[in-house]
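Examining the three-dimensional arrangement
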Amino acid sequence: MQLRLIALATALLSGLWITGTAQAQGFVFGTAEPKTTAAAPAGARNAKVESAQRLLARLGLLRETPSGTLTPATLDAMRAFAARTGTAPASEVNDALLNAIRRHIWTSQNWSSGNYKGKEKIVDAQGLREAQILLGKLGFNAGPLDGTFGPQTQVATEAFQESQGVSVDGLITSTVLMNLRRAVNGAGAGAKETVRVLNWPDYIEPSVLQDFEKEFNIRVVYDIFADNDDLQARLGAAGTPYDVVFPTANAVPGMAAKGLLGKLDKASLKNISNIDPRVDATLRAWDKDGAYSLPYMWYTVGIAWNPKLTNKAFPGHTMDALATVFDPAIAKRFLSCGIGVVDSASDVIPLAAMAGGQPKWAGRASIAAAEKVMERLTGTVKVIPTDQFIDSLANGKICVAIGFSGDAVQAQGKSRGAVEYRVPADGGLLAIDAMAVPANAKNKRAAHQFIDYLMRPQVIAKVSNTVGYANANLKAGEFMSASVKSNPAVVPSTTALSRSSPIPVLSEQDQQEINRIWSRFAK
């Protein structure tokens, strides 16, 4: 999808902001009523309706996926917003309503400091200023180039995201900054094809995308998802489909059974012989015939901590045990410096079951054991969003947490070695993030080219060096940084691996129960 005309940004910005009054946080909201635009016809997809749906969802007033159509649920959410704010109820989505919702969110959800509830992962002031400059180069007016996140920067970012055909949240994360740089550098300019990629946050080396585009003359539209549930919802939603996705391997069987994934054409993959057969065999614990997936990165789920902080909070305590986080008496000792678990229920709940006396996943018995453990931790152990985990560890906002080995490695790098990571002595998890092609992919040929490209040793080594995860390529070692491939957090010892159980395949009922437990715990 090519960049839209500058008029798109102008249309989105018109009527929303009163220009000329600059503040430290961008442009202030105006008090004058903006010009009203025509209502979206019932059933028609409309960009303003979709923006309203996203905003209403942030307020917790709308539970359905933004579709751009004025649904009954959307009208109910608009009425609920009016009741909450004491304003007149609206029956259509126009600039006046969008302005009112944005103003309410800006003041009620701490956007004025650059954040909103549950989404603190915004780049630093230097990155924000760079993003504002890049937005301007692309024709999106981001307001003052002051390195602060304001409403005009947020709206310009939304317009850019929409023009790129990626998820729209208006925030300048590291992924958005990467995509801005790529757009300004003409990423994929003139390409006749597009491949749409959906991956986890902070899980690619940017130069890999640029090099692929140059070599194959295929534009990469790069987007991110929060967790496997989010991925599954995206694959089942209306809109332009994705061509390559990266589910955790234990989620592959369920997605395939629902018809969300297509079988790979492995005969077309020239570099498939580079895959380590041991990792591929482990992948078959989930994707039994290997029909739908190939390994991208593999990792363990264990304990990460900051020794300087934990030694102050609990001197002499041995950190590499599940009880450190899952025993409330011990966990409370770390309240002063912060203790948490990554926001990934399907990873954390099986470990909680282990801590509760269920070493192997056994459905209902494991659910019951995990629930007892999690109930005792409420109010002590907090949930850390996946896109905040690395920085929270690196910056010392938390001193101990259950999380992914690769994230801990990235935190080590950012903190100059202040973070440690181990597979717990009493049991951890082994997982693989896979490469797959959705069943409804529009460009399956380009999807397979992209996957094949990632199986080149030099290419996947670049990714491992950047993201701190172990890859599954037999020949990549010689191209990897010595500090990465020799790090036991990246490649654990044989003993540590022997303590790691494959993440279990969860039934629909298991997943529902896990979500129920998690929703109560993560309040």
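What counts and how
- Residues numbered from 1 in each chain as written.
- Predicted model: local features only at pLDDT ≥ 70, side-chain atom pairs only at ≥ 80, totals over all residues.
- Heavy atoms only, no water.
- Helix = DSSP H or I, 4+ residues; strand = E, 2+ residues; numbered from the N terminus.
- Contact = heavy atoms within 4.5 Å.
- Areas by Shrake-Rupley, 256 points an atom, 1.4 Å probe, with all protein chains shown as cover.
- Phe/Tyr/Trp six-rings, centres within 6.5 Å; stacked < 30°, edge-to-face > 60°.
- Buried < 20%, exposed > 50% of the residue type's maximum accessible area, 1.4 Å probe, protein only.
- Lys NZ or Arg CZ within 6 Å of the ring centre and 35° of its normal.
- Core = buried A, V, L, I, M, F, W, Y, C linked by side-chain atoms within 4.5 Å.
- Pairing = 2+ DSSP bridges.
- Axes fitted to C-alpha atoms, helices over the stretch in contact; angles between N-to-C directions.
- Salt bridge = Lys/Arg side-chain N within 4 Å of Asp/Glu carboxyl O.
- Parallel < 35°, antiparallel > 145°, perpendicular 65-115°, else oblique.
- Nonpolar A, V, L, I, M, F, W, Y, C, P; charged D, E, K, R; others polar.
- Right-handed = clockwise from strand over helix to strand, strands pointing away.
- Disulfide = S-S within 2.5 Å.
- pLDDT = per-residue confidence, 0-100.

A word on the overall build of the protein. What the protein contains, in helices and strands, is 23 helices and 15 strands. Long-range contacts, defined as pairs at least 24 residues apart, comprise 70% of the intrachain contacts of the protein with a sequence gap of at least 6. Total accessible area on the protein stands at roughly 21700 Å², and carbon and sulfur atoms take up 52% of it.

Following the criterion strictly, the structure yields 13 aromatic pairs and no others. A centroid spacing of 4.9 Å and a plane angle of 75 degrees characterise the contact between Tyr203 and Tyr469, whose relative ring orientation is edge-to-face. Pair noted here: Tyr203 is in the loop between β3 (193-199) and α8 (206-216) and Tyr469 is in the loop between α20 (457-467) and β14 (470-471), with a separation of 266 residues, a long-range link. Here the two residues Tyr203 and Tyr469 agree in accessibility, since each one is buried. Seen in terms of ring centroids, Tyr299 and Phe404 are 5.4 Å apart; in terms of plane orientation they differ by 75 degrees. Their pairing is edge-to-face. Of this pair, Tyr299 sits in strand β7 (residues 294-305) while Phe404 is found in strand β10 (residues 400-404), placing the two residues 105 residues apart along the sequence. Classification of Phe404 as buried rests on a relative accessible area of 8%. In this arrangement the basic side chain of Arg333 is found over the ring face of Phe314, its NZ or CZ atom lying 3.8 Å from the centre.

What follows deals with the nonpolar core. Core analysis: the biggest nonpolar cluster contains 118 residues, and Tyr296, Phe326, Phe334 and Met374 have the highest contact counts within it. With 9 residues, β7 is the single largest residue contributor to this core. Other than its neighbours up to four places away in sequence, Phe334 contacts Thr310, Ala313, Phe314, His317, Met319, Thr324, Ile339, Cys399 and Val400. Ranked by size, the runner-up nonpolar core spans 18 residues in total, among them Ala131, Phe140, Ala156 and Ala183.

The strand order across the open sheet built from 3 strands is β4-β3-β5, with neighbouring strands paired in parallel fashion. Only two strands of the sheet have a single partner each, and these edge strands are β4 (218-224) and β5 (244-245). Examined bridge by bridge, β3 and β4 share 7 bridges and lie parallel to one another. Bridge pairing in β4 links Arg196 to Val221. Of the strands in this sheet, β3 and β4 touch α8, which is tilted by about 155 degrees from β4. Packed onto the sheet, helix α19 (residues 444-454) meets β3, β4 and β5 and runs at close to 60 degrees relative to β3.

Our focus in this paragraph is the pattern of salt bridges. This model, assessed by the stated rule, comprises 20 salt bridges. The partner of Glu130 in a salt bridge is Arg181, with the nearest N and O atoms 2.8 Å apart. Pair noted here: Glu130 is in helix α5 (residues 125-137) and Arg181 is in helix α7 (residues 174-184), with a separation of 51 residues, a long-range link. A relative accessible area of 28% means that Glu130 is categorised as partly exposed. When its relative accessible area of 37% is taken as the criterion, Arg181 is described as partly exposed. Notably, a salt bridge pairs Glu371 with Arg516, separated by 2.9 Å at the nearest N-O pair. Of this pair, Glu371 sits in helix α16 (residues 364-377) while Arg516 sits in helix α23 (residues 508-521), and the two are 145 residues apart along the sequence. Here Arg516 falls in the partly exposed class, since its relative accessible area comes to 29%.

A few words now on the packing of helix α15 (residues 345-355) against α16. Interaxial distance between α15 and α16 falls to 7 Å at its minimum, and their mutual angle equals 90 degrees. Taken together, the axes of α15 and α16 lie roughly perpendicular to each other. Facing Val348, Ile349, Ala352, Ala353 and Ala355 of α15, the residues of α16 in contact are Ser366, Ala369, Ala370, Val373 and Met374. Tallied by class, the residues present in the contact of α15 with α16 amount to 9 nonpolar, 1 polar and no charged.

Judged by how many residues are buried, β4 sits mostly within the fold: 6 of 7 residues are covered. Between the parallel pair β3 and β4, the chain is carried across by α8, and the sense of this crossover is right-handed.

The next point concerns the state of the cysteines. By the definition in use, this model includes 1 disulfide. One disulfide bridge connects Cys337 with Cys399, the sulfur atoms lying 2.0 Å from each other. A torsion of 50 degrees about the S-S bond marks the disulfide between Cys337 and Cys399 as right-handed. Remark: Cys399 occurs in the loop between α17 (389-394) and β10 and Cys337 occurs in the loop between α14 (328-331) and β8 (339-342); sequence separation between them is 62 residues. The class of Cys337 is buried, set by a relative accessible area of 14%.

As a further point, take the pairing of β10. Most of β10 is tucked away, with 5 of its 5 residues classed as buried. Pairing between β7 and β10: 5 bridges, direction antiparallel. Its bridge partner being in β10, Trp305 is matched across the sheet by Val400.

With that settled, the discussion passes to the environment of Thr175. With respect to the helices, strands and loops of the structure, Thr175 is situated in helix α7. For the pair Thr175 and Val123, spaced 52 residues apart in sequence, the C-alpha separation works out to 9.6 Å. When residues no more than four places from it in sequence are discounted, the contact partners of Thr175 are Tyr222 and Ile224.

So, on to the confidence of the model for the protein. For the protein, mean pLDDT is 86; residues scoring 70 or higher make up 89% of the total. Across residues 1-42, where pLDDT falls below 50, the model places 90 contacts with residues more than four positions away in sequence or in other chains. Considering only residues more than four positions removed or in separate chains, one finds that residues 112-120, a stretch of pLDDT under 50, has 22 contacts.

Attention now moves to the packing of α16 against α23. To characterise two packed helices, one gives the angle between the axes of the helices and the distance between these axes. Contact geometry for α16 and α23: axes closest at 10 Å, N-to-C directions at 10 degrees. Taken together, the axes of α16 and α23 are roughly parallel relative to one another. Of the residues in α23, those in contact with Ile367, Glu371, Met374, Glu375 and Leu377 of α16 are Asp510, Glu513, Ile514, Arg516, Ile517, Trp518, Arg520 and Phe521. Here the residues of the contact of α16 with α23 sort into 7 nonpolar, no polar and 6 charged.

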